[in-house]
Amino acid sequence: MSMNIVLLEPEMPANTGNIGRTCVATGTKLHLIKPLGFEITDKMVKRAGLDYWPHLNYEVYENFEDFLEKNPDCIGKLYMATTKARHIYTEVAYEPDCYIMFGKESAGIPEEILVDHEEDCMRIPMIGDIRSLNLGNSVAIVLYEALRQNGFEGMNLNGHLHELSWKSETGE
């Protein structure tokens, strides 16, 4: 199983670094579509991604058409997160190798792209006239729903204390 996160024209290096770290923690590939609002070598990207960035599986594309051309398997399983959608993210049945796309922080996914993918658009519910959530938070919310639907395949489901033991493990 390999989920895919697609960021269209990301602007904020800290958000992209945070998303990269989430991708490493979940075994998710990150697809970055230019123009980027920063250099991949930007210290803010690396700071937010901490020491995980060298372990990130990512690819950079010249534009949306380049992404589609190099990922023909995304057709039929490319979901677009947008505040303009009529469906919510929990209504989607995510395939184990689906692609979840997010637009740039300031404007989202362009309507020229959305209009051709109406049934593939979904939103995170919010109260009132909030423009959007933080991009890193939005990616985590939707990605973890997709992972949950697929049984968190290949992920650690149990944590362990470092210095002590849980009482249930010691019989106390």
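One can find the structure itself at the top, above this paragraph.
**Student:** Sorry if this is basic, but what is going on with the overall build of the protein chain here?
**Tutor:** Across its full length, the protein chain carries six helices and six strands. For 172 residues, the compact-globule formula gives about 16 Å, and the C-alpha radius of gyration of the protein chain, at 17 Å, lands near that figure. A principal-axis box enclosing the C-alpha atoms of the protein chain has dimensions of 60 × 35 × 35 Å. Expressed as a percentage of the 172 residues in the protein chain, the buried residues total 40%. In the protein chain, once contacts between residues fewer than 6 apart in sequence are set aside, the share between residues at least 24 apart is 74%. When the accessible surface of the protein chain is split by element, carbon and sulfur atoms take 50% of a total near 10,000 Å². Charged side chains of the protein chain number 15 positive and 27 negative; the gap between the two group centres comes to 6 Å.

**Student:** It is not clear to me how the side chain of glutamate 105 should be interpreted in this structure. Could you clarify?
**Tutor:** By the element assignment, glutamate 105 lies in the loop between strand E5 (99-102) and helix H4 (111-114). Despite its burial, glutamate 105 pairs with no opposite charge; the closest candidate is lysine 104, at 8.5 Å N-O. At 3.5 Å, the side chain of glutamate 105 and the backbone nitrogen of methionine 12 are in polar contact. Engagement of the side chain of glutamate 105 in a polar contact is seen with the side chain of asparagine 15, the distance being 3.2 Å. Beyond its immediate stretch of four places on either side in the chain, glutamate 105 contacts Pro10, Glu11, Met12, Asn15, Arg131 and Leu135.

**Student:** Teacher, can you tell me more about the side chain of lysine 77 here?
**Tutor:** With respect to the helices and strands, the residue lysine 77 is situated in the loop between helix H3 (64-70) and strand E4 (78-81). Setting aside residues up to four positions removed in sequence, lysine 77 forms contacts with Glu95, Asp97, Cys98 and Tyr99.

**Student:** Quick question: what am I supposed to make of the state of the cysteines here?
**Tutor:** As used here, a disulfide is simply a covalent bond connecting the sulfur atoms of two cysteines. Tallied over the full model, the rule gives zero disulfides. The thiol sulfur of cysteine 74 is not disulfide-bonded, and the nearest other cysteine sulfur, from cysteine 98, lies at 11 Å. Residue classification places cysteine 74 among the buried residues on the basis of a relative accessible area of 0%. Unpaired in terms of disulfides, cysteine 121 finds its nearest cysteine sulfur in cysteine 74, a separation of 13 Å.

**Student:** Looking at this structure, how should I read the packing of aromatic side chains?
**Tutor:** Each pair of aromatic rings is reported with the distance of its centres and the angle of its planes. Under the definition given, this model contains five aromatic pairs. Note on tyrosine 61 and phenylalanine 67: the rings are 5.3 Å apart at their centroids and 85 degrees apart in plane angle, and the pair reads as edge-to-face. Exposure class is identical for tyrosine 61 and phenylalanine 67. Each is buried. Ring geometry for tyrosine 144 versus phenylalanine 152: centroids 6.4 Å apart, planes at 45 degrees, classification tilted.

**Student:** Could you clarify how one ought to interpret the layout of surface pockets in this entry?
**Tutor:** Where empty space is left can be seen by rolling a probe of water-molecule size over the atoms. Empty space within the largest pocket amounts to approximately 370 Å³. What lines the largest pocket is a set of 21 residues, among which Ala81, Thr83, Gly108, Ser132 and Leu133 lie closest to the centre. Broken down by class, the residue content of the lining of the largest pocket amounts to eight nonpolar, eight polar and five charged. For the second largest pocket, the calculated volume is near 230 Å³. Contributing to the lining of the second largest pocket are Thr82, Lys84, Ala85, Arg86, His87, Glu111, Leu114, Val115, Glu118, Glu119 and Cys121. Its residues placed into classes, the lining of the second largest pocket shows four nonpolar, two polar and five charged.

**Student:** Quick question: what am I supposed to make of helix H5 (residues 135-149) here?
**Tutor:** Spanning 15 residues, H5 covers 21 Å between terminal C-alpha atoms, matching the ideal 21 Å at 1.5 Å per step. All of the buried residues along H5 are Leu135, Gly136, Ser138, Val139, Val142, Leu143, Glu145, Ala146 and Leu147. On its buried face, H5 sits against strand E1 (4-8), helix H1 (13-26), E5 and strand E6 (121-122). Between a side-chain oxygen at the N-terminus of H5 and the backbone nitrogen of glycine 136 the separation is 2.8 Å; the capping residue is asparagine 134.

Basis of the calculations
All residue numbers here refer to positions counted from 1 along the written sequence of the relevant chain. In keeping with the model being predicted, local features are shown solely for residues with a pLDDT of at least 70 and side-chain atom pairs are shown and tallied solely at 80 or more, while totals for entire chains, interfaces and linings include all residues. Note that water and hydrogens are dropped before the side-chain values are worked out from all heavy atoms of the structure. Secondary structure is summarised from DSSP: a helix means a run of H or I of at least four residues, a strand means a run of E of at least two, and numbering begins at the N terminus for each. Each radius of gyration is computed over the set of C-alpha atoms, and the globule rule expresses the reference value as 2.2 Å times the number of residues to the power 0.38. Whether a residue is buried, partly exposed or exposed follows from its accessible area with a 1.4 Å probe, protein chains only, as a fraction of its type maximum: under 20%, in between, or over 50%, in that order. Note on contacts: a residue pair qualifies if any of its non-hydrogen atoms lie within 4.5 Å across the two residues. Each accessible area value is a Shrake-Rupley result obtained with a 1.4 Å probe; residue values ignore everything except the protein chains displayed when judging cover. Counting rule applied: Lys, Arg positive; Asp, Glu negative; His and chain ends not counted. Here the site of a charge means NZ on Lys, CZ on Arg, CG on Asp, or CD on Glu. A side-chain nitrogen of Lys or Arg and a carboxyl oxygen of Asp or Glu constitute a salt bridge if their distance falls within 4 Å. Think of a polar contact as two N or O atoms within 3.5 Å of one another; within protein, one of them needs to be a possible hydrogen donor and the other a possible acceptor, and neighboring residues in sequence only count if both atoms come from side chains. Defined by distance alone, a disulfide is two cysteine sulfur atoms within 2.5 Å. Put simply, two rings from Phe, Tyr or Trp (the six-membered ring, in Trp's case) pair if the centres are within 6.5 Å, and we call them stacked under 30 degrees between planes, edge-to-face over 60, tilted for the rest. In this analysis the probe radius is 1.4 Å and the grid spacing 1 Å, with only protein atoms considered; a cavity is a set of points the probe fits into but cannot get out of, a pocket is an open set with protein on both sides within 12 Å along at least five of seven lines, and lining residues have an atom within 4 Å of a point. Grid points are joined across faces, edges and corners, and a volume is the space filled by probe spheres set on the points. Here the term charged refers only to Asp, Glu, Lys and Arg, the term nonpolar to Ala, Val, Leu, Ile, Met, Phe, Trp, Tyr, Cys and Pro, and the term polar to all other amino acids, Gly among them. To estimate how far a helix should extend, the number of its residues minus one is multiplied by 1.5 Å.

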